[in-house]
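A closer look at the structure
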Amino acid sequence: MLEQSKMNQVDAEINRIYNSLNLSGKTQKQKMDAIYAYVTSMITYEKNTQYSPYSYGAFIRKRAQCIGYAEAIYAFMNKAGIDCRIVTGWYNGVGHAWNTVKYNGKIYHLDATFDR
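In what follows, the accompanying structure is described. Small disclaimer: the values here were computed from a predicted structure and weren't measured.

It is worth spelling out the environment of asparagine 22 at this point. With respect to the secondary-structure elements, asparagine 22 resides in the loop between helix H1 (4-20) and helix H2 (28-42). Taking the C-alpha atoms as reference points, asparagine 22 and methionine 77, 55 residues apart in sequence, are found 14 Å from one another.

Within this structure, the stated rule accounts for four aromatic pairs. Geometrically, the ring pair formed by tyrosine 91 and phenylalanine 114 is tilted, given 4.8 Å between the ring centres and 50° between the ring planes. One end of the pair, tyrosine 91, is in strand E3 (residues 84-91); the other, phenylalanine 114, is in the segment after strand E5 (106-110), and 23 residues separate them in sequence. Put simply, the rings of Tyr38, Phe59 and Phe76 touch in pairs and so form one group of aromatic residues.

What follows deals with the side chain of lysine 31. Following the sequence through the fold, lysine 31 ends up in helix H2. For lysine 31, which is buried and forms no salt bridge, the nearest opposite charge comes from aspartate 33, at a distance of 13 Å. Discounting chain neighbours no more than four positions away, the residues touching lysine 31 are Leu23, Lys26, Ala80 and Ile82.

Another aspect to go through is the packing of H2 against helix H4 (residues 66-79). Relative orientation of the contacting elements H2 and H4 amounts to 150°, with a least axis distance of 10 Å. When the axes of H2 and H4 are compared, the pair comes out roughly antiparallel. The element H2 and its partner H4 pack so that their crossing is right-handed. Touching Met32, Ile35, Tyr36, Tyr38 and Val39 of H2 are Tyr69, Ala72, Ile73, Phe76 and Met77, all from H4. A class-by-class count of the residues in the contact of H2 with H4 yields ten nonpolar, no polar and no charged.

Our next topic: the packing of H1 against H4. To describe two helices that pack against each other, one gives the angle between their axes and the distance between the axes. Where H1 meets H4, the axes come as close as 11 Å, and the angle between the chain directions of the two elements is 60°. With respect to their mutual orientation, H1 and H4 come out oblique. Crossing handedness for the pair H1 and H4: right-handed. For the pair H1 and H4, the contacting residues are Ile14, Asn15, Ile17 and Tyr18 in the first and Ala75, Phe76 and Lys79 in the second. The class makeup of the residues in the contact of H1 with H4 is five nonpolar, one polar and one charged.

Residues Ile35, Val39, Ile43, Phe59, Ile73, Phe76 and Met77 are the most contacted members of the largest nonpolar core, which totals 28 residues. At the level of elements, H1, H2, helix H3 (54-61), H4 and strand E4 (94-103) are the ones that each hand at least two residues to this core. In contact with isoleucine 43, other than residues within four places in its own chain, are Ala58, Lys62, Arg63, Ala64, Gly68, Tyr69 and Ala72.

Moving on, we get to the side chain of threonine 100. Along the chain, threonine 100 turns up in strand E4. What makes threonine 100 buried here is its relative accessible area of 12%. Setting aside anything within four residues of it in sequence, one finds threonine 100 in contact with Asp83, Cys84, Arg85, Val87, Ile107, Tyr108 and His109.

Procedures and definitions
- Residues numbered from 1 in each chain as written.
- Predicted model: local features only at pLDDT ≥ 70, side-chain atom pairs only at ≥ 80, totals over all residues.
- Heavy atoms only, no water.
- Helix = DSSP H or I, 4+ residues; strand = E, 2+ residues; numbered from the N terminus.
- Phe/Tyr/Trp six-rings, centres within 6.5 Å; stacked < 30°, edge-to-face > 60°.
- Buried < 20%, exposed > 50% of the residue type's maximum accessible area, 1.4 Å probe, protein only.
- Lys, Arg positive; Asp, Glu negative; His and termini not counted.
- Salt bridge = Lys/Arg side-chain N within 4 Å of Asp/Glu carboxyl O.
- Contact = heavy atoms within 4.5 Å.
- Axes fitted to C-alpha atoms, helices over the stretch in contact; angles between N-to-C directions.
- Parallel < 35°, antiparallel > 145°, perpendicular 65-115°, else oblique.
- Left-handed = near helix turned anticlockwise from the far one by under 90°.
- Nonpolar A, V, L, I, M, F, W, Y, C, P; charged D, E, K, R; others polar.
- Core = buried A, V, L, I, M, F, W, Y, C linked by side-chain atoms within 4.5 Å.

Written as structure tokens, this is what we have:
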């Protein structure tokens, strides 16, 4: 469990970044594109990250594994009112995490780890 001061740091950083994305008045697709572009450019992949929960590494250290990318996408999409989920499974025999979003009645898979 992340201590309260670090949780507060994560929440503040989510709000700061979200506000900087200037999503007001944009379509759902434009919001999804802006969020995805920001996350894939802001986080550096780090295979052996020690940050837990992973959102601390993603938002504060700007370093994360796949779950950190997925948590970042999830936080921003839900804040924007976009139905988003974190999905876990396997990729080439290794545990992996990515997201799904619902757009125009269809489910789309987003994998920010591989699009960075």
